[in-house]
Every structure is written in structure tokens, then in C-alpha cells.
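Here's the letter readout for the chains.
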Amino acid sequence: MQLDYHTFISFLKDSNVEKEFRENFFNCNGGQTFCRKVWDDEELPLQLVFRTLLDWDSTPEGPAFWQKIDNQFQRKFC
């Protein structure tokens, strides 16, 4: 399945984690803002989206939080 940027952002919003995702992406990626260009450039398999874009251990929420979000994402899109 091909997932576009807007659908991914909608998932984050529906899961109430858009702010956390964006802040952690910024912090885990040297101050880079998550945007459509980043999404388009990555071309990640859906099974690896959250695991690749964020270092779960480095986030205030921790691995268990992101694993739960990733599981929801996997059930919906994979």
C-alpha cells in the first residue's frame, strides 16, 4: 500500500500524537522539521516508518509509547 504524507499526518492527528511526533522528529534529526519533502525523500516501507523516523529511546514518551502508536499504525495500514 502506498501511503501519502497527508494520510500519515491525519493518522498522527487522529491518534493525538502529531505534536509529539513532530517535536521528537526535530530532536532526533538534528533540528530538521518533518515535512512533505522529508516524507517523499524517505520512501520507507510502512512497517518501518516509526522505527526509522524516530529514536524511541531518545524520546520523553519512551519505547512503549511509540510501540503502541506503531502497532495502531501497522493494524491500520499494513
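The structure presented is a predicted model; accordingly, all values stated were derived computationally and were not measured.

Undergrad: Before we go on, may I ask you to explain the packing of aromatic side chains in this structure?
TA: Aromatic rings considered in pairs are described by the distance between their centres and by the relative angle of their planes. Throughout the structure, instances matching the rule amount to 19 aromatic pairs. With centroids separated by 5.4 Å and ring planes inclined at 80°, the aromatic side chains of Phe50 and Phe73 adopt a geometry described as edge-to-face. Placement of Phe50 in helix 4 (residues 49–53) and of Phe73 in helix 5 (residues 62–77) is noted, with a sequence separation of 23 residues between them. Accessibility expressed as a relative area gives 0% for Phe50, which makes it buried. Members of the aromatic cluster, connected to one another through ring pairs, are Tyr5, Phe8, Phe11, Phe21, Phe25, Phe34, Trp39, Phe50, Phe65, Trp66, Phe73 and Phe77.

Undergrad: Can you walk me through the packing of helix 1 (residues 5–14) against helix 5 in this structure?
TA: For any two helices packed against each other, one specifies the crossing angle of their axes together with the interaxial distance. Where helix 1 contacts helix 5, the axes come no closer than 11 Å and their chain directions differ by 130°. In this view, helix 1 runs oblique relative to helix 5, as classed from their interaxial angle. Both helix 1 and helix 5 take part in a crossing whose hand is right-handed. Every residue of helix 5 that contacts helix 1 at Thr7, Phe8 and Phe11 is listed here: Ile69, Gln72, Phe73, Lys76 and Phe77. Its residues placed into classes, the contact of helix 1 with helix 5 shows 5 nonpolar, 2 polar and 1 charged.

Undergrad: Got a minute to help me understand the nonpolar core in this structure?
TA: Proteins that are soluble and globular tend to have nonpolar side chains buried together. Counting 22 residues, the largest nonpolar core has Phe8, Leu12, Phe21, Phe34, Val49, Phe50 and Phe73 as the members making the most contacts within it. With 5 residues, the top contributor of residues to this core is helix 1. For Phe8, the residues in contact, after removing those within four places along its chain, are Leu3, Phe21, Phe34, Trp39, Val49, Phe50 and Phe73.

Undergrad: Help me understand the packing of helix 1 against helix 2 (residues 18–28), please; the structure alone is not making it clear to me.
TA: Where helix 1 contacts helix 2, the two axes come as close as 7 Å, and the packing angle between them is 115°. Between helix 1 and helix 2, the contacting residues are Tyr5, Phe8, Ile9, Leu12 and Lys13 on the first element and Glu18, Phe21 and Arg22 on the second. When its residues are assigned to classes, the contact of helix 1 with helix 2 shows 5 nonpolar, no polar and 3 charged.

Undergrad: I tried to follow helix 2 on my own but got confused; where do I start?
TA: Burial in helix 2 covers these residues: Glu18, Phe21, Asn24 and Phe25. Projected down its long axis, helix 2 carries its buried residues within an arc of 140°, all on one side. Away from its buried face, by an angle of more than 90 degrees, helix 2 presents the exposed residues Lys19 and Asn27. Buried residues along helix 2 sit against helix 1, helix 3 (36–42), helix 4 and helix 5. Of the residues flanking the end of helix 2, it is Gly30, one or two places downstream, whose phi is positive at about 60°.

What counts and what doesn't
Residues numbered from 1 in each chain as written. Predicted model: local features only at pLDDT ≥ 70, side-chain atom pairs only at ≥ 80, totals over all residues. Heavy atoms only, no water. Phe/Tyr/Trp six-rings, centres within 6.5 Å; stacked < 30°, edge-to-face > 60°. Helix = DSSP H or I, 4+ residues; strand = E, 2+ residues; numbered from the N terminus. Buried < 20%, exposed > 50% of the residue type's maximum accessible area, 1.4 Å probe, protein only. Axes fitted to C-alpha atoms, helices over the stretch in contact; angles between N-to-C directions. Parallel < 35°, antiparallel > 145°, perpendicular 65-115°, else oblique. Left-handed = near helix turned anticlockwise from the far one by under 90°. Contact = heavy atoms within 4.5 Å. Nonpolar A, V, L, I, M, F, W, Y, C, P; charged D, E, K, R; others polar. Core = buried A, V, L, I, M, F, W, Y, C linked by side-chain atoms within 4.5 Å. Arc of directions from axis to C-beta.

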